[in-house]
Amino acid sequence: MALGHDQARVRVPATSANLGPGFDALGLALALHDDLEVRVLPSGVSVQVTGEGAGEVPDGEQHLVLRALRLALDHVGAPQPGLALTCVNRIPHGRGLGSSAAAAVGGLLLARGLLADPAALDDDTVLALATRLEGHPDNAAPALLGGATIAWVEQADGTAPRPRAVRFPVHQEVVPVVLVPQERLSTQHARSVLPAVVTHRDAAFQAGRAALLVEALGRRPDLLLPATEDRLHQEHRREVMSDSLALVDELRAQGVAAVVSGAGPTVLALTRRAGEGMDADEALARALSTRAGAWRLLRPGVDDEGGQVRSGA
């Protein structure tokens, strides 16, 4: 496979996974973006990062965007040139907003933008490679496809696991609000407190709520509060993100469909348009008034497009 371009640019969105009951399956793309650019060099590597993660993430071949880009080029048998990577990051790191999925998908799409035949890295291939890097497709799917997504992994006898995803549009009344705390939490730590076994009663409850959430997001926003109830992971994580779960509890008590975003500790509120504002504006203001300076409120909106790539200068 030959390279067809010496430069590519990608814009990739933040994501929120789980959305309450859709553990490791449901995801939502948010209109908060990292902008990535790569240029082909005769040799060597340079990485320049501004914004989130600047001075913290690796500045060489171990940078996740470059690792993903190299993986994609290797997958299609393309040459491995020198690369100059520039990242303008706006997605907070370690907060449950899919920063690592954005980096993985972004790097894979940069590789697509460099190829003479971009179809060699179609969406199915990008999702599979991103899942190899991420471990599961729940954040990678909305980062790639935009909107709301349902992701799963198929595996027939004797075959390798195959990640799959479908996208569905989000109702225009649904407005995500993101509450970002100062502290960070690793996904690994957040997963370490989850039980290995759940009861049949809780599994049945969770299946019903996850199915209802698809309907609520797509067609019935009035059902968002009951549709975001969870018994599988959030309560088990209270010991490692007590402030986040306290905020979720307070908002839900006031009728706001609040959940932990991904592995946390960010809180996602799925609000609804109501006249000049949102139905949750007063509840959010009350909740934050007692937490001055501890949380940052963002209203990113839904990203309907997913990762966007442009080849050339």
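Check the entry above for the structure.
Reading guide: rules and limits
- Residues numbered from 1 in each chain as written.
- Predicted model: local features only at pLDDT ≥ 70, side-chain atom pairs only at ≥ 80, totals over all residues.
- Heavy atoms only, no water.
- Helix = DSSP H or I, 4+ residues; strand = E, 2+ residues; numbered from the N terminus.
- Rg over C-alpha atoms; globule rule 2.2 N^0.38 Å.
- Buried < 20%, exposed > 50% of the residue type's maximum accessible area, 1.4 Å probe, protein only.
- Contact = heavy atoms within 4.5 Å.
- Areas by Shrake-Rupley, 256 points an atom, 1.4 Å probe, with all protein chains shown as cover.
- Salt bridge = Lys/Arg side-chain N within 4 Å of Asp/Glu carboxyl O.
- Axes fitted to C-alpha atoms, helices over the stretch in contact; angles between N-to-C directions.
- Parallel < 35°, antiparallel > 145°, perpendicular 65-115°, else oblique.
- Left-handed = near helix turned anticlockwise from the far one by under 90°.
- Nonpolar A, V, L, I, M, F, W, Y, C, P; charged D, E, K, R; others polar.
- Pairing = 2+ DSSP bridges.
- Phe/Tyr/Trp six-rings, centres within 6.5 Å; stacked < 30°, edge-to-face > 60°.
- Lys NZ or Arg CZ within 6 Å of the ring centre and 35° of its normal.
- Core = buried A, V, L, I, M, F, W, Y, C linked by side-chain atoms within 4.5 Å.
- Expected span 1.5 Å × (residues − 1).

## Side note on the overall build of the chain
Along the chain, the regular secondary structure elements total 9 helices and 12 strands. What you see for the chain is a C-alpha radius of gyration of 20 Å, in line with the 20 Å of a compact globule of 313 residues. Along the first, second and third principal axes, the C-alpha atoms of the chain reach 60 × 50 × 35 Å. Every one of the 313 residues in the chain was classed for burial, and the buried ones make up 50%. Considering only contacts within the chain whose residues lie at least 6 apart along the sequence, 73% involve residues at least 24 apart. Roughly 13,500 Å² of accessible area belongs to the chain as shown, and the carbon and sulfur atoms make up 49% of that amount.

## Things to note about the pattern of salt bridges
With the rule as written, the count across this model stands at 20 salt bridges. Ionic pairing is found between Arg296 and Glu52, a salt bridge with its closest N-O pair at 3.8 Å. Here Glu52 lies in the loop between strand E3 (45–51) and helix H1 (64–75) and Arg296 lies in strand E11 (residues 295–298), a separation of 244 residues in the sequence. Residue Arg296 is classed as partly exposed on the basis of its relative accessible area of 38%. One salt bridge connects Arg209 with Glu229, and the closest N-O pair in it is separated by 2.7 Å. Taken as a pair, Arg209 in helix H6 (residues 200–218) and Glu229 in the loop between helix H7 (224–227) and helix H8 (242–253) lie far apart in primary sequence, 20 residues in all.

## Quick word on the packing of H1 against helix H2 (residues 99–114)
Contact geometry for H1 and H2: axes closest at 7 Å, N-to-C directions at 45°. Considering the angle they form, H1 stands oblique to H2. In terms of crossing hand, the pair formed by H1 and H2 is right-handed. Contacts between H1 and H2 involve Leu64, Val65, Ala68, Leu69, Ala72 and Leu73 on the former and, on the latter, Ser100, Ala103, Ala104, Gly107, Leu108, Leu110, Ala111 and Leu114. Grouping the constituent residues of the contact of H1 with H2 by class yields 12 nonpolar, 2 polar and no charged.

## Let's talk about the pairing of strand E7 (residues 174–181)
Counting buried residues in E7 gives 8 out of 8 residues, a clear majority hidden from the surface. Burial of E7 is two-sided: the residues Val174, Pro176, Val178 and Val180 facing one way and the residues Val175, Val177, Leu179 and Pro181 facing the other way are all buried. Examined bridge by bridge, E7 and strand E9 (residues 267–274) share 6 bridges and lie antiparallel to one another. Each residue of the ladder has a partner; that of Val178, found in E9, is Leu268. Of the strand pairs in this sheet, E7 and E11 are connected by 4 bridges, and their pairing is antiparallel. Within E11, the position partnered with Val180 by the bridge is Arg296.

## Description of the packing of aromatic side chains
One pass over the full model with this rule turns up 0 aromatic pairs. Taking the ring centre of Phe205 as reference, the NZ or CZ of Arg231 above it sits at 3.8 Å.

## A closer look at the nonpolar core
Counting residues in hydrophobic clusters, the biggest one holds 62 residues, and the most contacted among them are Leu69, Val105, Leu110, Leu121, Leu217, Leu224 and Leu270. With sequence-adjacent residues up to four places away left out, Leu270 is seen in contact with Leu28, Val174, Val175, Pro176, Leu217, Leu224, Thr228 and Ala257.

## Quick notes on the pairing of E9
Judged from the 4 bridges that link them, strand E8 (residues 257–260) and E9 form a sheet pairing that is antiparallel. What sits directly across from Ala257, in E9, is Leu270. Between E8 and the antiparallel strand that follows it, E9, lie 6 residues; Gly262 among them carries a positive phi value of about 60°.

## Some details on the environment of Gly135
Topologically, Gly135 is positioned in the loop between helix H3 (123–134) and helix H4 (140–145). By relative accessible area, Gly135 is classed as exposed at 57%.

## Considering unusual backbone geometry
The omega angle of the peptide bond from Gly264 to Pro265 is 5°, so this bond is cis rather than trans. As for its position among the elements, Pro265 is in the loop between E8 and E9. Phi angles above zero are rare outside glycine, and Leu19 is one such case at about 55°. Even without being glycine, Asp24 reaches a positive phi, approximately 60°. Examined against the element boundaries, Asp24 turns out to sit in strand E2 (residues 22–41). Residue Asp24 is classed as partly exposed on the basis of its relative accessible area of 25%.

## Quick notes on H6
For H6, with 19 residues, the first-to-last C-alpha span of 28 Å sits near the 27 Å given by 1.5 Å per residue. Looking at the buried side of H6, the elements it contacts are E2, strand E5 (148–154), strand E6 (162–168), E7, H7 and E9.

## Considerations on H2
Here H2 contains 16 residues, and its C-alpha end-to-end distance of 23 Å stays within 8% of the 22 Å for a straight helix at 1.5 Å per residue. Within H2, 15 of the 16 residues are buried, which leaves the element mostly enclosed by the surrounding structure.

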